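A closer look at the structure
So the chains spell out like this:
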Amino acid sequence: MPGTSGISRRALFAGSAAGGAAALLPMGTATAAPTAEGKVKVKSCATGASYRAAYHFTVPDQWKNDPQRPVWVDGEYHYYYLYNADYSTGVVGTAWRLATTEDLVSFADRGVAVPKDTTPGGDLWSGSAVVDTGNTAGFGAGAVVVIVTMSPGGGTDHQEQFLYYSTDGGRTFGNYGTDPVLPNPGVADFRDPKVIRDEDRGRWVMALAENDKIGFYHSGDLKSWTYAGGFVHDGIGVLECPDLFRITAGDGTVKWVLGVSANGKGSGLPNTYAYWTGSFDGSAFTADAADPQWLDHGWDWYAAVTFEKRDAGGAVDAAARYAIGWVNDWDYADTTPTIDCDGFNGTDSIVREVTLNKASDNTYYLASQPVAGLDAYVSRTVNLGDVTVDGTKVLDYTGISYEVTTEIAWSQLTGAGLQLRRSPDGGRHIDAGIYADYAFLNRRDTVNADTSGKWQESRTPFDPSAGTVRLRILVDRTSVEMFVDDGRYVHTSQVFPYLLDTRLALFTIGGSAVFRNTVIREFSV
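Notes on the structure follow. Everything quoted here is computed from the prediction, not taken from an experiment. (Residues numbered from 1 in each chain as written. Predicted model: local features only at pLDDT ≥ 70, side-chain atom pairs only at ≥ 80, totals over all residues. Heavy atoms only, no water.)

**A few points about the packing of aromatic side chains**
For any pair of aromatic rings, the description rests on two quantities: the centre-to-centre distance and the angle between the ring planes. Considering all chains together, one arrives at 30 aromatic pairs under this definition. Summarising the aromatic geometry, the rings of Tyr-217 and Tyr-227 are spaced 5.3 Å apart at their centres and angled 70 degrees between planes, so their arrangement reads as edge-to-face. Here Tyr-217 is found in strand E13 (residues 213-219), whereas its partner Tyr-227 is found in strand E14 (residues 226-232), with 10 residues between them in sequence. Looking at Tyr-217, the relative accessible area reads 6%, which means it is buried. Since its relative accessible area comes to 43%, Tyr-227 is described here as partly exposed. Against the face of Tyr-438 rests Arg-459, its NZ or CZ located 4.1 Å from the ring centre. When the ring centre of Tyr-365 is taken as reference, the NZ or CZ atom of Arg-488 above it lies at 4.2 Å. (Phe/Tyr/Trp six-rings, centres within 6.5 Å; stacked < 30°, edge-to-face > 60°. Helix = DSSP H or I, 4+ residues; strand = E, 2+ residues; numbered from the N terminus. Buried < 20%, exposed > 50% of the residue type's maximum accessible area, 1.4 Å probe, protein only. Lys NZ or Arg CZ within 6 Å of the ring centre and 35° of its normal.)

**Re the side chain of Asp-296**
Tracing the sequence through the fold places Asp-296 in the loop between strand E19 (293-294) and strand E20 (302-310). Classification of Asp-296 by relative accessible area gives buried; the value is 0%. One polar contact links the side chain of Asp-296 to the main-chain amide nitrogen of Gly-298, over a distance of 2.7 Å. Only 2.7 Å separates the side chain of Asp-296 from the side chain of Thr-492, close enough to count as a polar contact. In contact with Asp-296, other than residues within four places in its own chain, are Pro-270, Thr-272, Tyr-273, Trp-301, Arg-352, Val-490, His-491 and Thr-492. (Polar contact = N/O pair within 3.5 Å; in protein donor to acceptor, adjacent residues only side chain to side chain. Contact = heavy atoms within 4.5 Å.)

**Considering the environment of His-297**
Structurally, the position occupied by His-297 is in the loop between E19 and E20. On a C-alpha basis, the gap between His-297 and Ser-401 in space is 22 Å, while along the polypeptide they are 104 residues apart. Residues in contact with His-297, not counting those within four places in the same chain, are Pro-270, Ser-458, Arg-459, Thr-460, Tyr-489, Val-490 and His-491.

**Quick word on the sheet that holds E14**
Taken together, 4 strands build an open sheet; the order of strands is E11-E12-E13-E14 and the sheet is antiparallel. Looking at the sheet topology across the chains shown, the edges are occupied by strand E11 (191-198) and E14. Strand after strand, the sheet turns through a mean of 25 degrees between neighbouring axes, direction not considered. Sheet analysis places E13 next to E14, joined by 6 bridges and oriented antiparallel. Counterpart to Lys-213 in the pairing with E14 is Val-232. (Pairing = 2+ DSSP bridges. Axes fitted to C-alpha atoms, helices over the stretch in contact; angles between N-to-C directions.)

The values reported here are purely geometric and, on their own, carry no functional implication.
Structure, rendered in structure tokens:
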């Protein structure tokens, strides 16, 4: 369920779709308009301009927002997400659309799996799917069961949890009656159920977003739920899209992690995925520290979900998970050139592998790196080796979608980094690197959706005494993701550079540096 910050959810969805991003587009690009059937039709695309990502997941048409936690079915991941086929007409409401993937890089569209408006509950919001291998719900062993938030009556203030189930491997779903399996107890925020199997206690556990609390519920059959306890944290907005999982660190330490999508902008914090490490006894979560950590520090990694890492045989890796997030923000969700040029609005981050690491102060944190499956899709490699820079050096490379990795080393320096998607005259670019005691990603000097000017540069702590930093940066048509060193700090931001902005430069401030083992890779997916 998207964060509304007091704004009507339906008002957000009803924002201008077709033509809404005309001001972002360079002259000569396409415009779009809805047809009588409600589909976006590109009226003119003489330039062939396209802003569809080259190697990130995008919705085939219209609109997507929240990812739903992928589940493993018959040797592949089933990835559901919120989809509105009527976006261009202004009609609101989402269904669950399905894509399947074996490697988490290439996805096959399977169409709408859980349709909207087939019951009095209306459209479907966020929730979670589980594979009921033990037939606890009575739909058959291996049935895929979805617990999802709906708001009967068409409003947003009566959120309840409903059940849908599939007996064909998660391809199509039917509703389990029209009554909620978890009715609303009389509160405004009561959504985004995340269900996990508690094998130690032989029951299901649900984590539910309830304003500044994550409520925990128990069930033996997925059909009836009992309240067990809650975890409260304020100061980062309304908590949404909860996550709960167990993970093992490299040193053998086992931690439970409670995650939420949260808006910390008012406190100078991210608007992404906040998490706590700690312990969970099946009913209560105890955090190791009061304040959360963040899995991403950029401006556009919302409604993220983590899910099990499995090998080809289906075995679960207890020491790692995967994660995927929506590359957008509710402050400017309808502003994108993709709707005008390509007839869609909805791009996801690259899938990440997430591990639990121990810090020097003996605390634990999550670290992320792009999924290894990307390696199989490399179409071109440019190895620049070691590059010495003092000032700005424009490289002999042009590209729109690529990955660049480098290790910057110095003896005395104020700052260093890369200018991504640089314009021919050098006036437009995205800056990524380190300065003094922080790492940063800055989109101020390129086209982007933040008209307020407040959310242009994201920062994370950095120790300059190290004298070196490793950066891995994924650049695509409308996104940049920067992974710093081991991936404890990641920055994801949405950007809309002109398609003619293809240059790449290295820069230093206050000294020289060597950009070691600098490699650019392009992908064909």
